[in-house]
Amino acid sequence: MSFGGIANVASIVGAVLAVPSLVQIFRTKRVADEVNDRVSSVESKLAKLSAVDALTSVVAELDEIKHLHRLGVWTILPARYSAIRRRLISLKIENASLSQYEPALQSMIQQFADMEHKIEAAIAASRPPKDVPALNRILAQQADKLNEIHSFVRKAMEEER
């Protein structure tokens, strides 16, 4: 057998030996892709669960603020409004599952900033805000909107199962 014939045989043997390795590479890639998809799914579910938890917490904080309005405890309220705004901003930015609710969240953030400003002005003037029931009505409306978002996110989580 000539050198060319030996080279041809070696090429064929090399190709035959490479086939199982190529098959294994494709299997490994497919498994890696499946794992990656599952990890993405888990990450998405965790993000939604985190959003649900945060929304529940914000609604509870709004209920507490309404109670503080009724008690007339004005000096601590600006910090509470600021904390709620920061949480809503974080939710809006960090949670892709809430992207369709961004306009509503932004509206709430602005409304809470306006309410904080009214309370700051009342504190500076040493008097309570002009229409406390209106403030509580706004808080109740925003809590209802947040509850609605909460329900939609939970429903989306259940549909993913």
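That block above? That's the structure.
Reading the values: rules and limits
Residues numbered from 1 in each chain as written. Predicted model: local features only at pLDDT ≥ 70, side-chain atom pairs only at ≥ 80, totals over all residues. Heavy atoms only, no water. Patch = residues over 30% accessible without salt bridge, like charges linked within 9 Å, V, L, I, M, F, W, Y side chains within 5 Å. Areas by Shrake-Rupley, 256 points an atom, 1.4 Å probe, with all protein chains shown as cover. Salt bridge = Lys/Arg side-chain N within 4 Å of Asp/Glu carboxyl O. Helix = DSSP H or I, 4+ residues; strand = E, 2+ residues; numbered from the N terminus. Buried < 20%, exposed > 50% of the residue type's maximum accessible area, 1.4 Å probe, protein only. Phe/Tyr/Trp six-rings, centres within 6.5 Å; stacked < 30°, edge-to-face > 60°.

### Overview of a nonpolar patch on the surface
Together, V31, V35 and V39 make up an exposed nonpolar region whose accessible area comes to about 220 Å². Note on placement: V35 falls in helix 1 (residues 3-71).

### Re the pattern of salt bridges
Where charged atoms of side chains with opposite charge meet at close range, the side chains can pair. Enumeration over the complete set of coordinates arrives at four salt bridges. Across the pair D63 and K66 runs a salt bridge, and its minimum N-O distance is 3.7 Å. Residue D63 and its partner K66 are both found in helix 1; the two are separated by three residues, about one turn of the helix. R80 serves as the salt-bridge partner of E64, at 2.4 Å between the closest nitrogen and oxygen. One end of the pair, E64, is in helix 1; the other, R80, is in helix 2 (residues 77-94), and 16 residues separate them in sequence. Take R80: its relative accessible area is 31%, and that puts it in the partly exposed class.

### Things to note about the packing of aromatic side chains
Counted by the stated rule, this structure contains two aromatic pairs. Ring plane angle 40° and centroid distance 6.2 Å describe the contact between Y81 and F112, whose orientation is recorded as tilted. Here F112 lies in helix 3 (residues 102-124) and Y81 lies in helix 2, a separation of 31 residues in the sequence. Of the two residues, Y81 and F112, both sit in the buried class. Pairing Y101 with F152 gives two aromatic rings, centres 6.3 Å apart and planes at 10°, and the pair type is stacked. Within this pair, whereas Y101 is found in the loop between helix 2 and helix 3, its partner F152 is found in helix 4 (residues 132-160), the two being separated by 51 residues in sequence.

It is worth stressing that arrangement in space is one thing and function is another; only the former is reported here.
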